[in-house]
Amino acid sequence: MKNLIYCFASICLLMCSSQMSAQLTIFPSGRAEVGANPFDPNSINPAYLQWLDTVTVLKVFGNYDNSGAGGHMTFGDTYLYNTYNVLVGELGYTDSDKLWLHGKMGTYLTSGNSANDTVMFYDPLRSSAIQFNHDVHTSGVFVQSDERFKEQVEPIEDVLPSLQALNAVSYILKNENASRCLNDVSSMPLVTDKDLKDKAFFEQYYGELAKGSERFGFLAQNVQEVFPELVHTDKSGYMYVDYIGLIPILVQSINELQARLDAVEGNRQETPALSAPVAAGQNEIEASLSAAKLYQNAPNPWSSETVIRYSLPQNVASATIYVYDMQGLQLKSIPATGRGESQVTLTARDLKAGMYLYALVADGQLIDSKQMILTK
């Protein structure tokens, strides 16, 4: 009983001393104030009482000016002047109205009771970037791109061969931490109805994270071999790919492909075999060939074989399907012997992965040409 009395007396003395030094004030309403309140409640004009803060339960004041600026709370071993190991609040000497969330060794946003349940973190010992361990949704991302931000600007050239060395893959991200948390949830003690609701919530939450979904992308090791500038390795040895940085390379590859296509088309127009007139019945043959068609191959892209469909009038004497690389070099010629709606099958034998052109030539005239992509 004596111990209880001493404890109660100590609390009373602490509250009294806190009230006297204006460091800790407890109001009858339950509201608490820490630090020196720069405003005297008794001096407030009654006309403004309706605007007083009636929501705050705990207020922390600083002592830098008459607004109470600089109020913050520190945690752990922050006890010496200007160490600021871990703190929350308004850091500074003016009324900045800005929230400072500060950790000297990093800042972590977590979703559970373990340091591994990290949603987002910045840790200078691990990386110089902020890392998110969950998907991030936003209405837009804008990257510094003004030419005034940049120096040593050089054009990117001849990227097609390098892009062909990249291998796109499908994958499912590992989430071993979610699986571990899911196992921990199964052993949660169930005492109250809230425990049951919490367990159901976390089972669904961690279950969705552990299940994962199919994604498409590249392996960082493969990208590093081709475009090392697009790969960042953190201090733990894990690699990250700059997918946004890949966009200019893809645009340049399109420009290069278009330039090659223009060159191929120019060469075709100059090739006598495709433009020489037929000696007799030219008008009748042209009218007949106007009904000829060449269709897009299927499947496209393809890996082992693909079907090229075409349509030729019955009076066509001879027709051939030619396959070219993007430099205009002829690689294959396949006789198109069928008339009406017909087709030929092209196999990937002797062909490397890449983009190709194929053309239908009937009775010495180019009917049409199309592009196709071979993947291996």
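Within every chain, residues take consecutive numbers counted from 1 along the sequence as written. Residue-level local features of this predicted model are given only where pLDDT is at least 70; pairs of side-chain atoms are given and counted only at 80 or more, and the full residue set underlies all totals for whole chains, interfaces and linings. Only hydrogens and water are set aside when side-chain values are computed; all heavy atoms of the structure are taken into account.

Enquirer: Before we go on, may I ask you to explain the nonpolar core in this structure?
Expert: Taken as a class, soluble globular proteins show a tendency for nonpolar side chains to be buried jointly. What is meant by a nonpolar core is a set of buried Ala, Val, Leu, Ile, Met, Phe, Trp, Tyr and Cys residues, joined one to another through side-chain atoms within 4.5 Å. For every residue, the accessible area (1.4 Å probe, protein chains only) is compared with the maximum for its type, and the residue is labelled buried under 20%, exposed over 50%, or partly exposed between those bounds. Formed by 24 residues in total, the largest nonpolar core has its most connected members in Tyr310, Leu312, Ile321 and Leu360. Runs of E in the DSSP output that reach at least two residues are strands. Runs of H or I that reach at least four are helices, and both are numbered from the N terminus. Only β15 (305-312), β16 (319-325), β18 (340-347), β19 (354-362) and β20 (365-374) provide two or more residues apiece to this core. When residues of this core are assigned to their parent elements, the largest contribution, four residues, is made by β19. Residues in contact with Ile321, not counting those within four places in the same chain, are Ile308, Tyr310, Lys332, Ser333, Ile334, Ala336, Val344, Ala359 and Leu360. Core analysis: the second largest hydrophobic core is formed by ten residues, Leu163, Val226, Phe227 and Leu230 among them. Residue contacts are counted whenever heavy atoms from the two residues lie within 4.5 Å of one another.

Enquirer: Even after reading the chapter, I still don't get the sheet that holds strand β4 (residues 72-74), so can you show me in this structure?
Expert: Strand pairing in a sheet relies on backbone hydrogen bonds, with the paired strands running either antiparallel or parallel. Strand order in the open sheet made by the three strands is β4-β5-β6, with antiparallel pairing throughout. The two strands at the open ends of the sheet, each matched to only one other strand, are β4 and β6 (100-103). Going from strand to strand, the sheet's axes swing by 10° on average, the running direction of each strand aside. Criterion used throughout: strands pair if DSSP finds at least two bridges between them. Inspection of the sheet shows strand β5 (residues 86-89) paired to β6 by four bridges, in the antiparallel sense. The residue of β6 that forms the bridge with Val86 is Gly103. Think of each axis as a best-fit line through the C-alpha atoms, taken over the contacting stretch in the case of a helix, with angles from 0 to 180 degrees between the N-to-C directions.

Enquirer: Can you walk me through the environment of Val143 in this structure?
Expert: Mapped onto the elements, Val143 comes out in the loop between β9 (131-132) and α2 (160-163). For the pair formed by Val143 and Ile244, sequence separation is 101 residues and the distance between their alpha carbons is 9.1 Å.

Enquirer: Would you explain a nonpolar patch on the surface in this entry?
Expert: On the surface, Leu24, Ile26, Val34, Val57, Leu58, Val60, Met73, Phe75 and Val86 cluster together into a nonpolar patch covering about 700 Å² of accessible area. Inspection of the secondary structure assignment puts Val86 in strand β5. We classify Val86 as partly exposed; its relative accessible area is 38%. Only residues whose relative accessible area exceeds 30% and that form no salt bridge enter a patch; like-charged residues are grouped when within 9 Å of one another, and nonpolar side chains (Val, Leu, Ile, Met, Phe, Trp, Tyr) when within 5 Å. Accessible surface is estimated by sampling points in the Shrake-Rupley manner with a 1.4 Å probe; for residues, cover comes only from the protein chains shown. What counts as a salt bridge is simple: a side-chain nitrogen of Lys or Arg found within 4 Å of a carboxyl oxygen of Asp or Glu.

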